[in-house]
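Fold and geometry: a report
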Amino acid sequence: MRHRTLHGTRPGTLHGTRPGSRRCCGLFSRSRQSADCEGCSPGGGGGGSGGGGGGGGGRMFTTGAESLLRQAREIRDEELGKFCARVCALLRKEDWGPGAVDALRRLFLIVSATKYSRRLEKPCVALLQTTLCSPTCPEQLQLLCAAVLREMSPSDSPSLSCDHIQGTRQLDLVASVLLAQGDQQQVRSLGQCVLKVLESRQPEGPSLRHLLPIVSKVTSLAPDALREEQTRALSKRLGDWLRYASVQQGVAHSSGGFFSTPRARQLGPVTEVDGAVATDFFTVLSTGQRFTEDQWLNVQAFSMLRAWLLDSSPGGSSAPDVDDRSELEGSTLSVLSAASAAGHPLPPQEWLQEKAFEYCQRLLEQSSRRALRKADSDLQKACLVEAVLVLDVLCRQDPSFLYRTLSCLRPLYTRLRGDPAWVRALLPVARFFLRHGEAAAVDAEAVYQHLFTGIPAEHFHSPMLAFEFVQFCRDSLPLLGRNLGVLRTSFPNLFKFLAWNSPPLTSDFVALLPSLVDAGTAVEMLHLLLDLPCLTAALDLQLRSLQTASERPPWDVSIRAPGCLEAFRDSQVQGLFQHLLRAQASGTAERLTPLYRLLQPLAGCARVVQCAEAVPTLLRAFFSAVTQVSPLPGASVPAAEGRPEPGPTGPQLPRWPRGRSVTADRAAHTSPGPAPVPPRTGAERSPQGSSSQPGPEQRCSLGVGRSLSLSLSSPQFADGVLASQLALLLLERSDSLYQVPGYEAGVHRVLGSQFPALCKLHPPLVVEQAKELLEFVGGPRGGGHVLASVVWAIGEYLSVSWDRRCTVEQINNFFEALEALLFEVTQSRPSTTLPKCPPQVISVLMTTLTKLASRSQDLIPRASLLLSKMRSLAQSPAPGSVCGEDAGAVRTRATELLNLLKMPSVAQFVFTPSVAASEPRYHRDTNTALPLALRTVSRLVEREAGLLPG
Amino acid sequence: MVHVFLIHTLRTTKAEEGLCRVLYSCFFGTENSPNDPQPHGAERDRLLRKEQILAVARQVESMCQLQQQACGRPAVDLQSQSSDDPVHLHESPCGAFRLTAGDPFQEPRTVVWLGVLSLGFALVLNAHENLLLAESTLRLLARLLLEHPRLLVPTANLLLRADCIEGILARFLPHGQLLFLNDQFVQGLEKEFSAAWPR
């Protein structure tokens, strides 16, 4: 039934030419018919689908919408013209019945459905504007006119003006159209119009409450829209509305029976949210059955208060001068105040601040009452948050509020921290203490301790709190100052939010990471980042362990894998779980391999997979924070930056993913699937040169300095020791990861690209860690990305020019190990268990071996032999090793390297250029070495290559 | 201050056919900066706004899909509910995320969203808005729109009921101003709205 109804929409009665048809949603169908059908279709749909249509409900919605939208978009101009003529005819004769409503609804859809502008005839636009401003037209129609006009905006020729509009309702409607135009001048004149009405103090005048939101919007769009005296006058009235709204309920007008005359009934005083009679002045938390106009204004005034205080603050324009007080007395505007409270002793801005303070104090008191309705209890929390935010603004504007504020916030904090239901309200309170704590001698540290240790562990699963908490951390960075340490050591706890809610929070953490990481925690943080999907799984288990079996939904994975939950309580792995779920940095990093096995059943969970997808992005942010800038002074050799890529022998690494922007990361989440990444070689990603290298003293102070600059470009701090640690960690963890589908490959890509960056940061690490690197290339290893970059780094940095401690023996050892490795990856029979070796790895291996040979010339004959073997191997590749194009690339590379090795001095120059080659003159002066040499070499290489059979 | 309110379709998975469609959107004011070096003309500005809204809608859809998957809820769950059943808004997926400056809006914004049946509701807010208030306002708007007779059955009707949405927004979110309305104020406004709107 429903299906048929929707099908009916598809052919559509585009021209309205089938008067008899029962199409109900055709855009141009006659209004009477469509009105009929609107009555029947839902009923029919609901009844017809019954239990059967269940799962398709959503799609059905979409299908109906889809076909209507298509119709609206496909309407041609002449059709639209005819339709507009019909609309005009209706509006012109002021036929404001259902027909006009229906036609305008369709017109709105046609205008709004396309992103391209729809042109309506001038008379039609004019009629829409006239109807909009008509005092007698029904609201429904006027809103539609406003919506159509707004949807067309911004338009080049707006003719609507607010100058002659008197009624607040009309002004309200016109404002919605004008504000959408985005023209500053119009916004300002709108502001003046509204102010004029507000100032025209008619006792029984138009309802002013519709105007306040316009004022609020106008001042946010054009802060200079109101003149200073207007701002002052309005500030004072806002203060009055806040503080002196009636405490009696509105009057209920009973129409009276047949014999009785209509009479007004007073309903008595307003009440608190818990039902008690109001004890003090009216606020948004005061309830009753009916509300008076000034109570409405009270609500509006509080709703716009914070923004108004900020926008109208004298700090923005000029400081409040002494004249204020005297001016006030004689001001014509000062008598505008509609409410009571004659004679204000304070200048308007201070008056408003004072009233705002009292209001917030009262809200704090009211928020402790037990609300009778759920909605009111939600509002209490929102009000409490707002009150604290307003108090914060007040104390910033006038520190004399501080002491009074603290005396109410201290007990509030104590009350809130004990009640989990109010946890979100705790954040602004904490922020207040952060900002003003020092002045008020509050132990801010205790506040953060509670915040960072308790809340994330208990509330990581609330998406809204997670978002707010991370925002809080981001916003608080400039305030934390010397307390940044608390935030930094709490990263294991903060990562719980990330592990559980990775899609919305990844970009926030990318921004937060540079401030979180420091030399003391970098190693531990990298471990935890690599274990993030495992943390997700552990949190999942933790959450489940708190539920009883009956509470779990039927699709719960732990039912399929009950062993997980039992293991969670098992004393043997308890320690590991506790380590993984720790609240603060422990200074150690345990190997979690037993947990990986145990949590394997959870590895397929969508949440774990989502987290795993976010990790590469986070790793990139981590490394960019650690390795951003320059190598450090004291390194045994000069800086590496600017070093030219040694021509054809540069590393031909696999395609490295470029450090993606935050946007791209979100896009990756929005469209799962491999995002195309531009190619980038390992050497290219190396840090930019920096002439000013921070000395050790400077480095010590960086911790504090960085807390103040929140950008990603903060100076790096990884010294040689840390770079070595991270490099080894990277090798060690490359084959020790939680097995989530696709995780290892993604992580390897990042780790592979970061290894050369660490080496570049601290080139001697290759010599220093020779033993570990030898073990790595000689041992079992996974994907080619990490291996290729390690091999490349060996070729690049294992040289006396980088570290004088480098010995011939070391070079020989590496040569032998890599020779064996090359032999292994190319000669071994194709096996189903081992992944095929990518040609990039073969290519990098050959290059590195040649580089090593050029530095220890005894090895040249061996290298040449090896290369010729490779060349012939690539010509007739063993089945399954390398093939096709890949074989061709390997062959070419082998040939090039062979040619270079024929001239050992050239080879040495090309493979191990002197550091001086990085100086600019080598690139500028055509007669000096480099360009000339490179040209000669490439000619040599090409000629030789040309002589060889293709 | 709310910058944009929008309603759009919500597919359960990316694989589902069709596209994410914006069914209704309302910009409250615009963010044309006064010192925009290159005024682009009305038509391009309008196009830009529409693209911005669609960009938000797509992100909300993804966030909602990801959250639903992460909760382990089967894909049909969100939509299997017959539209005749009362909708439990408190169980509906909801969340918030940040939009950095320049993507797609000039200034940084926060998006609060709510997924109900096959519809996504979202508010684009200034960066430091009261999120508790924004969230409850969004739930209130969604409830009012869902409760209004026949508004959502099927969505096609929503496309042709702009007046109703406008009427609700004009009262509960006037010019994008989030209001602190207690339950009695909400009831009063609801009555006023019902009286003004012929059912």
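Being a predicted model, the structure only gives us computed values, none of them experimental.

Moving on, we get to the overall build of chain B. Counting secondary structure elements, chain B contains 6 helices and 5 strands. The linear arrangement of helices and strands in chain B, starting from the amino end, is β-β-α-α-β-β-β-α-α-α-α. Out of the 199 residues in chain B, the part that is buried amounts to 66%. For chain B, long-range pairs separated by at least 24 residues make up 62% of all intrachain contacts whose partners lie at least 6 apart in sequence.

With that settled, the discussion passes to the overall build of chain A. Looking only at helices and strands, chain A features 43 helices and 2 strands. Sorting the 950 residues of chain A into buried and exposed places 56% on the buried side. In the form shown here, chain A has an accessible surface area of approximately 39100 Å², with 55% of it arising from carbon and sulfur atoms.

With that out of the way, let us pick up the pairing of strand β5 (residues 119–126) of chain B. The two faces of a sheet get side chains in turn, since along a regular strand they alternate between them. Residues and elements named next belong to chain B. Of all 8 residues that make up β5, 7 are buried, and the element is covered over most of its length. Sheet topology places strand β1 (residues 2–9) next to β5; 7 bridges connect them, and they run antiparallel. Across the sheet, residue Phe5 finds its bridge partner in β5, namely Leu123. As paired elements, strand β4 (residues 109–116) and β5 share 8 bridges and run antiparallel to each other. In the sheet register, Leu114 faces β5, and the bridge partner there is Phe121. Linkage of β4 to β5, two consecutive antiparallel strands, is achieved through a turn of 2 residues, within which Leu117 is found at a positive phi near 50°.

This next bit is on the pairing of β4 of chain B. All names here are of chain B. Burial analysis of β4 places 8 of its 8 residues in the buried class, the great majority of the element. Burial along β4 is two-sided: Arg109, Val111, Trp113 and Gly115 and Thr110, Val112, Leu114 and Val116, pointing in opposite directions, are all buried. Sheet analysis places strand β3 (residues 94–99) next to β4, joined by 6 bridges and oriented antiparallel. Paired with Phe97 across the two strands is Val111, which belongs to β4.

Let's shift gears to helix α29 (residues 606–627) of chain A. Residue and element names in this part refer to chain A. Counted at 1.5 Å a residue, the expected span for α29 with its 22 residues is 32 Å, and the 32 Å between its end C-alpha atoms agrees. Of all the bends found along α29, the most pronounced is centred on Val615 and spans about 30°, while Pro616, a proline, follows it within four residues. When you tally the buried positions in α29, you get 18 out of 22 residues, the bulk of the element.

Turning our attention to the sheet that holds β1 of chain B. Residues and elements named next belong to chain B. Taking strand neighbours across the sheet as the criterion, the 5 strands line up as β2-β1-β5-β4-β3 in an open arrangement whose pairing is antiparallel. Across the chains shown, the open sheet's two edge strands, defined by having one partner strand only, are β2 (22–27) and β3. Geometrically, the sheet is characterised by an average inter-axis angle of 15° between neighbouring strands, direction not taken into account. On top of the sheet, helix α3 (residues 131–147) reaches β1, β3, β4 and β5; it is set at about 35° to β4, its chief contact.

A few words on empty space enclosed by the protein. What the rule picks out here adds up to 10 cavities of 30 Å³ or more. Empty space within the largest cavity amounts to approximately 140 Å³. Arg150, Glu151, Ser153 and Ala180 of chain A together with Ser25, Cys26, Phe27, Arg46, Arg49, Lys50 and Ile53 of chain B together form the lining of the largest cavity. Counting residues per element, the ones that place at least two in the lining of the largest cavity are α7 (139–152) of chain A together with β2 and α1 (42–70) of chain B. When residues in the lining of the largest cavity are grouped by element, the largest group, 4 residues, is from α1 of chain B. Partitioned by chemical class, the residues of the lining of the largest cavity number 4 nonpolar, 2 polar and 5 charged. Empty space within the second largest cavity amounts to approximately 100 Å³. Sorting the residues of the lining of the second largest cavity by element identifies α12 (293–311) of chain A together with α5 (162–172) and α6 (183–196) of chain B as the ones contributing at least two each.

The next thing to look at is the pattern of salt bridges. A side chain of one charge can pair with a side chain of the opposite charge if their charged atoms are brought near each other. Residues and elements named next belong to chain A. Inspection of the entire model under this criterion finds 51 salt bridges over all chains. As a salt-bridge pair, Glu272 and Arg369 come within 3.8 Å of each other at their nearest N and O atoms. Residue Glu272 is found in the loop between β2 (263–266) and α12, and its partner Arg369 is found in the loop between α14 (348–366) and α15 (374–397); the two are separated by 97 residues along the sequence. The buried category is assigned to Arg369, whose relative accessible area is 17%. Taking the shortest distance from any N to any O, the salt bridge between Arg582 and Glu524 comes out at 2.9 Å. Here Glu524 lies in helix α23 (residues 522–530) and Arg582 lies in the loop between α27 (571–580) and α28 (593–598), a separation of 58 residues in the sequence. An identical accessibility class is assigned to Arg582 and Glu524; each is buried. In the salt-bridge network here, residues are joined through shared partners; they are Glu272, Asp274, Arg362, Glu365 and Arg369.

With respect to the element layout, Asn130 of chain B can be found in the loop between β5 and α3. Only 3.2 Å separates the side chain of Asn130 of chain B from the backbone nitrogen of Leu132 of chain B, close enough to count as a polar contact. A polar contact of 3.2 Å, which involves the side chain of Asn130 of chain B, links it to the backbone nitrogen of Leu133 of chain B. Setting aside anything within four residues of it in sequence, one finds Asn130 of chain B in contact with Arg306, Ala382, Val385 and Glu386 of chain A together with Phe180 of chain B.

Core analysis: the largest hydrophobic core is formed by 319 residues, its most contacted members being Phe495 and Phe622 of chain A together with Phe5 of chain B. Every residue in contact with Phe622 of chain A, bar those within four places of it in the chain, is listed here: Leu513, Val517, Ala522, Met525, Leu526, Leu529 and Leu726 of chain A. Phe27, Val56, Cys64 and Leu99 of chain B belong to the second-largest nonpolar core, a separate cluster that totals 18 residues.

For the rest of this paragraph, the subject is the packing of helix α19 (residues 463–480) of chain A against helix α22 (residues 502–516) of chain A. Residues and elements named next belong to chain A. Remark: α19 packs on α22, axes separated minimally by 10 Å, with the N-to-C direction vectors making an angle of 30°. Put simply, α19 runs roughly parallel to α22. In terms of crossing hand, the pair formed by α19 and α22 is left-handed. Where α19 abuts α22, its residues Ala466, Phe467, Val470, Gln471, Cys473, Arg474 and Leu477 lie against Leu505, Asp508, Phe509, Ala511, Leu512 and Ser515.

Tallying the contact residues gives 107 residues for chain A and 93 residues for chain B. Taken over both partners, the interface formed by chain A and chain B buries close to 8800 Å², and the fraction arising from carbon and sulfur atoms is 58%. The interface formed by chain A and chain B includes 32 residue pairs in polar contact (both at pLDDT 80 or more). Of the residues forming the side of chain A that touches chain B, the biggest block, 11 residues, is contributed by helix α3 (residues 57–74) of chain A. Its residues assigned to classes, the side of chain A that touches chain B shows 45 nonpolar, 32 polar and 30 charged.

Let's shift gears to the confidence of the model for chain A. Residue and element names in this part refer to chain A. Summary statistics for chain A give a mean pLDDT of 76 and a share of 70% for residues scoring 70 or more. Here residues 30–58 scores under 50 on pLDDT; set against residues more than four positions off or in separate chains, the count is 40 contacts. Within the model, pLDDT remains below 50 along residues 629–716, and this stretch shows 180 contacts once partners closer than five positions in the same chain are excluded.

Within the secondary structure, Cys564 of chain A sits in helix α26 (residues 562–569). Once you skip the residues sitting within four places of it in the chain, Cys564 of chain A turns out to touch Leu541, Leu598, Pro601 and Leu602 of chain A.

Scoring rules and cut-offs
- Residues numbered from 1 in each chain as written.
- Chains lettered and ligands numbered in written order.
- Predicted model: local features only at pLDDT ≥ 70, side-chain atom pairs only at ≥ 80, totals over all residues.
- Heavy atoms only, no water.
- Helix = DSSP H or I, 4+ residues; strand = E, 2+ residues; numbered from the N terminus.
- Buried < 20%, exposed > 50% of the residue type's maximum accessible area, 1.4 Å probe, protein only.
- Contact = heavy atoms within 4.5 Å.
- Areas by Shrake-Rupley, 256 points an atom, 1.4 Å probe, with all protein chains shown as cover.
- Pairing = 2+ DSSP bridges.
- Expected span 1.5 Å × (residues − 1).
- Bend = angle between axes of the 7 residues up to and from the residue.
- Axes fitted to C-alpha atoms, helices over the stretch in contact; angles between N-to-C directions.
- 1 Å grid on protein atoms, 1.4 Å probe; cavity = no way out; pocket = protein on both sides within 12 Å on 5 of 7 lines; lining within 4 Å.
- Points joined across faces, edges and corners; volume = space filled by probe spheres on them.
- Nonpolar A, V, L, I, M, F, W, Y, C, P; charged D, E, K, R; others polar.
- Salt bridge = Lys/Arg side-chain N within 4 Å of Asp/Glu carboxyl O.
- Polar contact = N/O pair within 3.5 Å; in protein donor to acceptor, adjacent residues only side chain to side chain.
- Core = buried A, V, L, I, M, F, W, Y, C linked by side-chain atoms within 4.5 Å.
- Parallel < 35°, antiparallel > 145°, perpendicular 65-115°, else oblique.
- Left-handed = near helix turned anticlockwise from the far one by under 90°.
- Buried area = accessible area lost by both parts, 1.4 Å probe.
- pLDDT = per-residue confidence, 0-100.

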